[in-house]
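Working through the structure, step by step
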Amino acid sequence: MGVHRIVIALLCAGSVFLAASGVCGGQETYRVAMPLSEVIYHRQQDGQYRGLVADVWREVALRSGLKYHLEGCSNIPECNSKFFSGRLDIVLLGIRPNRENSKTAVFSRPYFISGLRILVIDKLRNHFLMNIRALSAAYSPIVMQSALVFVVFIFIFGNILWFFERKNDTLIARPYGRGLFDAMWCVLEIKTTIGFGDVIPKRHHARLLSVLIWLIGLLLINLITAEIVSEFSTDKVKNTVVGIETLKGKRIAVVNDNISISELKRIAAEVIVKPGLDAVYEGLKSGNADAAVFYAGVVSAYAKRASEDGLPVKVIQGRYDNRYVSIAINRNALLKDPSLLDKINRALDDMYEDGYLSFLKSKWLDK
C-alpha cells in the first residue's frame, strides 16, 4: 500500500513538472527581421542590431514577454520572400497593410507615422554644373540663329562699306578680298562700339552708313544677350526641382513601394526600382537617378551622408505625408499564440502613453 502511494506521488510530481515545463520552457521563439537601413535598422560590428525599429521591437518584446531571434534582410524583396514563405514570423517594416498582404499577415497598430521625402541634387549649389548649363544655353537654336544674323549683317554691310571706301586714299584696301576683310573689321568695331580707330570711314556715304551700322548693331547685340540670358534662366528653372510636380520625365530611384511608384508614374516620372534604401542612395550618388525617394524618418541620415560624400542635395516633400508603419505578423504565428497581436498592440499603446516611442524617435531621428 505504501509503495502504491509513493508511485502515485511520483506520477503527480512528474505531471506537475511536465506542465510547468510546458508553460515556462516551451514558449515560442519568434523569428523577427526587417530590411537593413541606416538609423532605422542596422547591424553593428558586435553582431547586434541597432536603430529606431530595433529599439521599438526590443521594448515591445520586453513588455509582452516575447522570446525572439532578431535578424536582418539585405533588402525588402528578401524580407518579403522569407515572410510570405513562412521563414519569418514577424517583419517590423517594409510590408504594407493592404488587401493582398492581409491574406498572409495581420498588422499591429501603427508605431510610426512617416511621409515621402525626395532627395534631389541641388544644382544651384553646384557651380560647375551651373557653368556647364550656361555654356549649353549659348548653343540653343535661338541663340545660334541670332549669331548667324550677326555674321550675315557684318558680311553685307562690309561689302557696302568696301564699295564706298575702296579708293586708294582710305584705310580699306582696293582689292576685294583684302578690302572686304578690312571693311568687315570696321563694321565689327562700329557695331560693337569698340572703336579701335585702326580703320575709320572717311567718306560721307560711309560715315552715314556707320551710323546705321551702329544703331542696328546695338539692337542685334542686345537681342542676342537677351536670348542667352533667357535661355539660361529658362534652363535653370526647368532643371530646378522645387516640388514633386517638377520631377516629370526625370529618373527617380525608389524602393518597391506601391504608393510611391504609383504617385511617381502619375506625374510621368521614370521610376527606377531598387531593392533597398542604400541602393536608392547609391543610384542618386552615381548619377543613374536624378532624385531618390525616402521616408521622412531616414531622409536626414541620407542627406548627411550625401554631405559627407560632397554631394550637394536638398529635400523636397512628397504628396503623401501620412504613411502608417505597422508590424506585420504571419498568420501561422497566431495559430501558435492567438493572443500575440493583442500583446504587441498593448505594448505599443503603453509606449505611446508613457512617451517611450517619442523618446526613441527623438533619440534616433533627431540625431
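Notes on the structure in this doc start here. What you are looking at is a predicted structure, and each value in this text was computed from that prediction instead of being measured. (Residues numbered from 1 in each chain as written. Predicted model: local features only at pLDDT ≥ 70, side-chain atom pairs only at ≥ 80, totals over all residues. Heavy atoms only, no water.)

**Comments concerning a nonpolar patch on the surface**
A surface patch of nonpolar side chains, amounting to about 530 Å² of accessible area, comprises Leu-148, Val-152, Phe-155, Ile-156, Ile-160 and Tyr-176. It is helix H5 (residues 141-165) that contributes the most residues to the nonpolar patch, 5 residues altogether. Within the secondary structure, Phe-155 sits in helix H5. Given a relative accessible area of 40%, Phe-155 falls into the partly exposed group. (Patch = residues over 30% accessible without salt bridge, like charges linked within 9 Å, V, L, I, M, F, W, Y side chains within 5 Å. Areas by Shrake-Rupley, 256 points an atom, 1.4 Å probe, with all protein chains shown as cover. Salt bridge = Lys/Arg side-chain N within 4 Å of Asp/Glu carboxyl O. Helix = DSSP H or I, 4+ residues; strand = E, 2+ residues; numbered from the N terminus. Buried < 20%, exposed > 50% of the residue type's maximum accessible area, 1.4 Å probe, protein only.)

**What about the sheet that holds strand E4 (residues 67-73)?**
Strand order across the open sheet formed by 5 strands is E4-E1-E5-E14-E6, with mixed pairing between neighbours. Each end of this open sheet is capped by a strand with a single partner; those strands are E4 and strand E6 (105-107). With 2 bridges connecting them, strand E1 (residues 29-35) and strand E5 (residues 90-91) associate as parallel partners. Pairing of Val-32 across the sheet is with Ile-90, part of E5. Strands in contact with helix H2 (residues 52-64) are E1, E4 and E5; relative to E4, the strand with the most contacts, it is inclined by about 165°. Across the sheet, helix H3 (residues 76-84) lies against E1, E4, E5, E6 and strand E14 (328-330), angled at about 155° from E1, the strand it touches most. (Pairing = 2+ DSSP bridges. Contact = heavy atoms within 4.5 Å. Axes fitted to C-alpha atoms, helices over the stretch in contact; angles between N-to-C directions.)

**Observations regarding the environment of Ile-160**
Relative to the elements of secondary structure, Ile-160 occurs in helix H5. Taking relative accessible area as the criterion, Ile-160 reaches 32% and is therefore assigned partly exposed. Distance in space between the C-alpha atoms of Ile-160 and Ala-206 is 8.4 Å, their sequence separation being 46 residues.

**Digging into the sheet that holds strand E9 (residues 251-255)**
A sheet is described by the order of its strands in space; here 5 strands give the open sequence E10-E9-E11-E8-E12, paired in mixed fashion. Strand pairing shows two members of the sheet lacking a second neighbour, strand E10 (270-274) and strand E12 (313-317), which therefore form its edges. With direction set aside, neighbouring strand axes in the sheet form an average angle of 30°. Judged from the 5 bridges that link them, E9 and E10 form a sheet pairing that is parallel. By the bridge assignment, Ala-253 is partnered in E10 with Ile-272. Where helix H9 (residues 277-286) meets the sheet, it contacts strand E8 (116-121), E9, E10, strand E11 (291-295) and E12, and its direction lies at approximately 155° from that of E11.

**Examining the packing of H2 against helix H13 (residues 356-365)**
To characterise two packed helices, one gives the angle between the axes of the helices and the distance between these axes. At a minimum axis distance of 9 Å, the contact between H2 and H13 shows a crossing angle of 155°. Relative to H13, the element H2 is oriented roughly antiparallel. For H2 against H13, the interelement crossing comes out right-handed. In contact with Leu-52, Asp-55, Val-56, Glu-59 and Arg-63 of H2, H13 contributes Tyr-356, Leu-357, Leu-360, Lys-361, Lys-363, Trp-364 and Leu-365. Looking at the contact of H2 with H13 residue by residue, the classes come out as 7 nonpolar, no polar and 5 charged. (Parallel < 35°, antiparallel > 145°, perpendicular 65-115°, else oblique. Left-handed = near helix turned anticlockwise from the far one by under 90°. Nonpolar A, V, L, I, M, F, W, Y, C, P; charged D, E, K, R; others polar.)

**A short note on the packing of aromatic side chains**
In this description, an aromatic ring pair is defined by two values, namely the gap between the centres and the angle between the planes. Evaluated as defined, the whole model comprises 9 aromatic pairs. A ring pair is formed by Tyr-41 and Tyr-49, whose centres lie 5.2 Å apart and whose planes are at 10°; its orientation type is stacked. With respect to burial, Tyr-41 and Tyr-49 carry one shared label: buried. On the basis of an interplanar angle of 80° and a centroid distance of 5.9 Å, the ring pair of Trp-57 and Tyr-68 is categorised as edge-to-face. Placement of Trp-57 in helix H2 and of Tyr-68 in strand E4 is noted, with a sequence separation of 11 residues between them. For Trp-57, a relative accessible area of 0% translates into the label buried. Members of the aromatic cluster, each reached through a chain of ring pairs, are Tyr-281, Phe-294 and Tyr-302. (Phe/Tyr/Trp six-rings, centres within 6.5 Å; stacked < 30°, edge-to-face > 60°.)

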